[in-house]
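Structural characterization, general
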Amino acid sequence: MNKLSIKGKSVYVVLGMHRSGTSAITRALVVMGVELGNSLMPPIAGNNEKGFFEDTEISALNSELLSSIGQDWHTLALVPTEEFLQSKYAECHQRAKELLRSRLAQAESFGMKDPRMCRLLPFWQKVFAELGLKDAYVIATRNPLSVAQSLKARDNLPPEKSHYLWLEHILPSVLLTQGKPRVLVDYDRLMAEPERQIARMATGLGMESSLDAARLTEFTKGFLDKGLQHTSYTLQDVAEAAEVPDPVKSAVLLLDEIASDRISLEAEASTESFARLAKQMEGMANTLSHQECLDAPRQIAELSRAVHDKGVHIVNIERALGERSGEVAALSQAVHDKDVHIVNIERALGERTGEVATLSQAVHDKDVHIVNIERALGER
């Protein structure tokens, strides 16, 4: 049987660092009629109340790919461009193809988002090409001070590490999507002027005719919640922050120029600037590896704490299970007692029924005797 062909259909990929508003920007694709599928991660209170809009199976595959080279989402290390193009990943490529065939079986377009994809673009772009898909990209950016503050609160990541991670996600997002339909969207601008930013998205992706007024209203009035935008920093804040590395400061200025449409993402000057920053990061590889080693004790402590918390959780579950077992035993005994009581009642009822039958017979016999007496008296 021939496999389902999805050639010519479209896939829209949202790229960006964790905690950069990628979830809200992915949700904005729905305004343009893009399908996100039915396998999305559920919202998590205190983490992402509105939802991640991230496919669970695609996210799991991405985590598996990074894990195969000893990395996680927060690892400070550049992924070699050719790494996941090797034949040893053929099974993963096949799984990715099947996932996309499934998602696009009943849809003309599919939106996918996972910050890990910034590091795994060569893998996915190979999959897109082999399936004959038209790929387009939304690059989400947010002030790195906001990102660092959010990651400090959620994962206790040191700010300097968060800043380098931010840049490690931005650079491949920009450099590996050249020549494709794409648009760069700043999260803070999206929150401040959602209609304008969604119009920019539609233009950059060539989807102006797909904009839906009703869905736009639902997104801006019903979905976006400024109460979830806990921080908003300025360019000046970044410039004055001693913990922000110089390459990150340079990238912030460049991204702001692009997000405000003062220069084009496609301009040669933009490409050259990002390429220079990438070279700087490559030159800092040893330093970043050292930074990762310094961070290892913190990660080990966090893992130990997590293991301890899991142990406590298991003990609590076992205690609750023991209490439930006691409740079940008590209820079982109560049911048994009720059954015995019912049997006794039924036995007593049977005895009463026998007594009633005996009495009824006695009454009948008396009636017959009375009739006989009356007949005898009549004969006299």
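Described below are features of the structure shown in this document. (Residues numbered from 1 in each chain as written. Predicted model: local features only at pLDDT ≥ 70, side-chain atom pairs only at ≥ 80, totals over all residues. Heavy atoms only, no water.)

Concerning the pairing of strand β1 (residues 10-15)
To keep it simple, the criterion reads: Partly exposed describes any residue whose relative accessible area lies between the buried limit of under 20% and the exposed limit of over 50%, with all areas from a 1.4 Å probe on protein chains only and scaled to the type maximum. Helix and strand assignments follow DSSP, with helices taken as H or I runs no shorter than four residues and strands as E runs no shorter than two, numbered in order from the N terminus. Strand pairing requires that DSSP identify at least two bridges connecting the strands.
Most of β1 sits inside the fold, with six of its six residues counted as buried. Residue alternation in β1 divides its side chains into two sets, Ser10, Tyr12 and Val14 and Val11, Val13 and Leu15, and both sets are buried. Pairing between β1 and strand β2 (residues 109-113): five bridges, direction parallel. Note that in β2 the partner of tyrosine 12 across the bridge is glycine 111. One ladder, built from six bridges, connects β1 with strand β3 (residues 134-141); its direction is parallel. Bridge pairing in β3 links serine 10 to lysine 134.

So, the packing of aromatic side chains
For clarity, the cut-off: In summary, the pairing rule links any two rings of Phe, Tyr or Trp, Trp by its six-membered ring, whose centres are within 6.5 Å, and it sorts them by plane angle into stacked for under 30 degrees, edge-to-face for over 60 and tilted for everything else. Here, a charge over a ring is recorded when the distance from Lys NZ or Arg CZ to the ring centre is within 6 Å and its angle to the ring normal is within 35 degrees.
If you walk through the whole model with that rule in mind, you get five aromatic pairs. Taking the centre distance of 5.4 Å and the plane angle of 80 degrees together, the rings of phenylalanine 123 and tryptophan 124 count as edge-to-face. For the pair phenylalanine 123 and tryptophan 124, one class covers both residues: buried. Ring centres 6.3 Å apart and planes at 35 degrees place the aromatic pair tryptophan 124 and phenylalanine 128 in the tilted group. Of the two residues, tryptophan 124 and phenylalanine 128 are both situated in helix α4 (residues 121-131); the distance of four residues between them amounts to about one turn of the helix. The exposure class assigned to tryptophan 124 is buried, which follows from its relative accessible area of 0%. Through pairs of rings, three or more aromatic residues link up here, namely Phe53, Phe219 and Phe223. The positively charged end of arginine 27 is found above the aromatic ring belonging to phenylalanine 223, 5.3 Å away from the centroid. Of note, arginine 154 hangs over the ring of tryptophan 73, and the distance from its end group to the ring centre comes to 5.4 Å.

With respect to the environment of arginine 262
Heads up, the rule is: By the criterion applied in these results, polar contacts are pairs of N or O atoms within 3.5 Å in which, for protein atoms, one can donate a hydrogen and the other can accept it, and in which residues neighboring in sequence qualify only through two side-chain atoms.
Looking at the secondary structure, you find arginine 262 in the loop between α11 (246-259) and α12 (268-283). Within the local environment of arginine 262, its side chain forms a polar contact with the side chain of aspartate 256, the two groups lying 2.7 Å apart.

Quick look at helix α6 (residues 159-175)
Test applied: To estimate how far a helix should reach, multiply one less than its number of residues by 1.5 Å.
Across its 17 residues, α6 extends 25 Å between first and last C-alpha, which sits within 8% of the 24 Å expected from 1.5 Å per residue. Counting buried residues along α6, 14 of its 17 residues qualify, which places the element largely inside the surrounding structure.

Overview of the sheet that holds β3
The test is simple: To define axes, lines are fitted to C-alpha atoms, for helices over the stretch in contact only, and angles between the resulting N-to-C directions are given on a 0 to 180 degree scale. Contacts were defined at the residue level, with two residues in contact if any of their heavy atoms lie within 4.5 Å.
Reading across the sheet, the four strands line up as β2-β1-β3-β4 and stay open at both edges, with parallel pairing between neighbours. What marks the edges here is a single partner per strand, and that holds for β2 and β4 (182-186). In this sheet, adjacent strand axes meet at a mean angle of 20 degrees when their direction is disregarded. Running at roughly 130 degrees to β2, helix α3 (residues 90-104) makes contact with β1 and β2 of the sheet.

Observations regarding the packing of α6 against α12
In plain terms, the rule: Orientation labels follow simple angle bins: below 35 degrees gives roughly parallel, above 145 gives roughly antiparallel, 65 to 115 gives roughly perpendicular, and whatever is left gives oblique. Handedness of a crossing is defined here by the sense of rotation of the near helix relative to the far one, left-handed for an anticlockwise turn of less than a right angle and right-handed for a clockwise turn. Three residue categories are used. Nonpolar comprises Ala, Val, Leu, Ile, Met, Phe, Trp, Tyr, Cys and Pro, charged comprises Asp, Glu, Lys and Arg, and polar comprises the others, including Gly.
In the contact formed by α6 and α12, the axes pass within 10 Å of each other and the chain directions differ by 135 degrees. Relative to α12, the element α6 lies oblique. Like other packed secondary-structure pairs, α6 and α12 cross with a definite hand, here left-handed. Contact with α6, carried on its side by Tyr164, Leu167, Glu168, Ile170, Leu171, Val174 and Leu175, involves Thr271, Phe274, Ala275, Leu277, Ala278 and Met281 of α12 and no other residues of that element. Grouping the amino acids of the contact of α6 with α12 by side-chain chemistry returns 11 nonpolar, one polar and one charged.

Some thoughts on the pattern of salt bridges
Applicable threshold: Salt bridges are counted wherever a side-chain nitrogen of Lys or Arg sits within 4 Å of a carboxyl oxygen of Asp or Glu.
As enumerated under the stated definition, the model contains 24 salt bridges in all. For the salt bridge of aspartate 261 with arginine 196, the shortest nitrogen-to-oxygen distance reads 3.5 Å. Taken as a pair, aspartate 261 in the loop between α11 and α12 and arginine 196 in helix α8 (residues 194-204) lie far apart in primary sequence, 65 residues in all. Ionic pairing is found between arginine 324 and glutamate 327, a salt bridge with its closest N-O pair at 3.7 Å. With arginine 324 and glutamate 327 both in helix α13 (residues 285-379), this residue pair falls three residues apart, about one helical turn.

A word on unusual backbone geometry
Residue asparagine 156 is not a glycine yet carries a positive backbone phi of 60 degrees. Here asparagine 156 lies in the loop between α5 (144-155) and α6. Judged by its relative accessible area of 32%, asparagine 156 is partly exposed. Although it is not a glycine, aspartate 261 adopts a positive phi angle of roughly 65 degrees. Since its relative accessible area comes to 43%, aspartate 261 is described here as partly exposed.

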